[in-house]
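Read off the chains here:
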Amino acid sequence: MRYQRAVERLRMLAQACEQTRRVPADEPFLKEAYVFGDLLEGADPIEAIEVAFVLNLPPEEVSWGSHPPGTAWLVDFLRLDKGGIAYWWRSHLDPVANHLIREPVRFWSLAGIEPGVLEALAERRFESAREQTTAVRRPPAQVEAELKTTLDHLRSVHAAFWDRQWRREHRGLGRYPEHHLWEAVQGYLELLYEHAGHVDLGERDEHADHGERDERDGPDGRDERDESDKRDEG
């Protein structure tokens, strides 16, 4: 999409985030929203707006690359599945920035929309946009700490994968238990590569293609999701 269209899309996203405050809850689930990446560099056109959402969840429930419990309604409410937005989830107890999310700029919080950020981006004043949220910046998350969290998450998903109750709780809105397992594996491997210093994009792409092709197929070529669903129904 063209740059100005992306800024307008970000403005609409900020307004949608503001609407989440009206959802009845003891404590707000969504706390902050940050933009980073190509939009802050002035790229034109932009393939996707890169956004990080800060959730009112502990770090162990927001493993890197995963879709934590309770986020399905946010995806629908914020229309994140309509294309043009690449998004990640972060715990409010963790730094927003990490190996991928670099120099994030907050455009919404429970205090409201950040009009100065949106105006600066619309006028392509990128340094001004970054300066708007300097006070809330923290050092990036350490890869080692996130790697441990993702490994713990991967182990828990692996241990529960064939549990009928777990599978029922992790199926719906176009998502299946296999999605959660794949995301746990992918998040762990991404951080493992980062920790080891093996930033081989070609190798990552190869793994991604293989995972997408085999997401539903078992090693013998059968549809593993169908087989697992049959087990659940039995």
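Source: prediction; values computed, not measured.

Draft legend 1. Structural detail: the confidence of the model for the chain. On average, residues of the chain carry a pLDDT of 84, and 82% of them reach 70 or more. Counting interchain partners and residues more than four positions distant, the pLDDT-below-50 stretch residues 198-226 has 26 contacts.

Draft legend 2. Region of the structure containing the pairing of strand E1 (residues 30-36). Within E1, 6 of the 7 residues are buried, leaving the element largely enclosed by the surrounding structure. Here E1 runs beside strand E2 (residues 49-55); their pairing, made up of 6 bridges, is antiparallel. When the bridges of E2 are listed, Leu30 appears paired with Leu55. Where E1 meets strand E4 (residues 105-109), 4 bridges bridge the pair, whose relative direction is antiparallel. Note on E4: the bridge partner recorded for Tyr34 is Arg106.

Draft legend 3. View of the side chain of Glu183. Summarising the element assignment, Glu183 is placed in helix H8 (residues 177-196). Judged by its relative accessible area of 11%, Glu183 is buried. Not counting residues within four places of it along the chain, the set of residues in contact with Glu183 comprises Trp64, Gly65, Ser66, His67 and Arg175.

Draft legend 4. Geometry of helix H4 (residues 115-122). Among all positions in H4, only Val117, Leu118, Ala120 and Leu121 are buried. One side of H4 carries all its buried residues, which in axial view fall inside an arc of 165 degrees.

Draft legend 5. Quick look at helix H6 (residues 143-160). Along its 18 residues, H6 runs 26 Å from first to last C-alpha, staying within 8% of the 26 Å computed at 1.5 Å per residue. Those residues of H6 not exposed but buried are Val143, Glu146, Leu147, Thr150, His153, Leu154, Val157 and Ala160. Taken down its axis, H6 places every buried residue within 165 degrees of arc, on the same side. The outward face of H6, more than 90 degrees from its buried face, is lined by the exposed residues Lys148, Arg155 and Ala159. Where H6 is buried, its residues touch strand E3 (85-91), helix H7 (164-169) and H8.

Draft legend 6. Representation of the packing of aromatic side chains in the model. As enumerated under the stated definition, the model contains 9 aromatic pairs in all. Between Trp73 and Phe77, the ring centres sit 5.9 Å apart and the planes meet at 70 degrees, which makes this aromatic pair edge-to-face. Of this pair, Trp73 and Phe77 are both found in helix H3 (residues 72-77), 4 residues apart, which corresponds to roughly one turn of the helix. Among the aromatic residues, ring-to-ring pairing joins Phe29, Trp73 and Phe77 into one connected group. A cation sits over an aromatic face here: Arg124 above Tyr3, 4.4 Å from the ring centre. Taking NZ or CZ as reference, Arg167 lies 4.8 Å from the ring centre of Phe161, over its face.

Basis of the calculations
- Residues numbered from 1 in each chain as written.
- Predicted model: local features only at pLDDT ≥ 70, side-chain atom pairs only at ≥ 80, totals over all residues.
- Heavy atoms only, no water.
- pLDDT = per-residue confidence, 0-100.
- Contact = heavy atoms within 4.5 Å.
- Buried < 20%, exposed > 50% of the residue type's maximum accessible area, 1.4 Å probe, protein only.
- Helix = DSSP H or I, 4+ residues; strand = E, 2+ residues; numbered from the N terminus.
- Pairing = 2+ DSSP bridges.
- Arc of directions from axis to C-beta.
- Expected span 1.5 Å × (residues − 1).
- Phe/Tyr/Trp six-rings, centres within 6.5 Å; stacked < 30°, edge-to-face > 60°.
- Lys NZ or Arg CZ within 6 Å of the ring centre and 35° of its normal.

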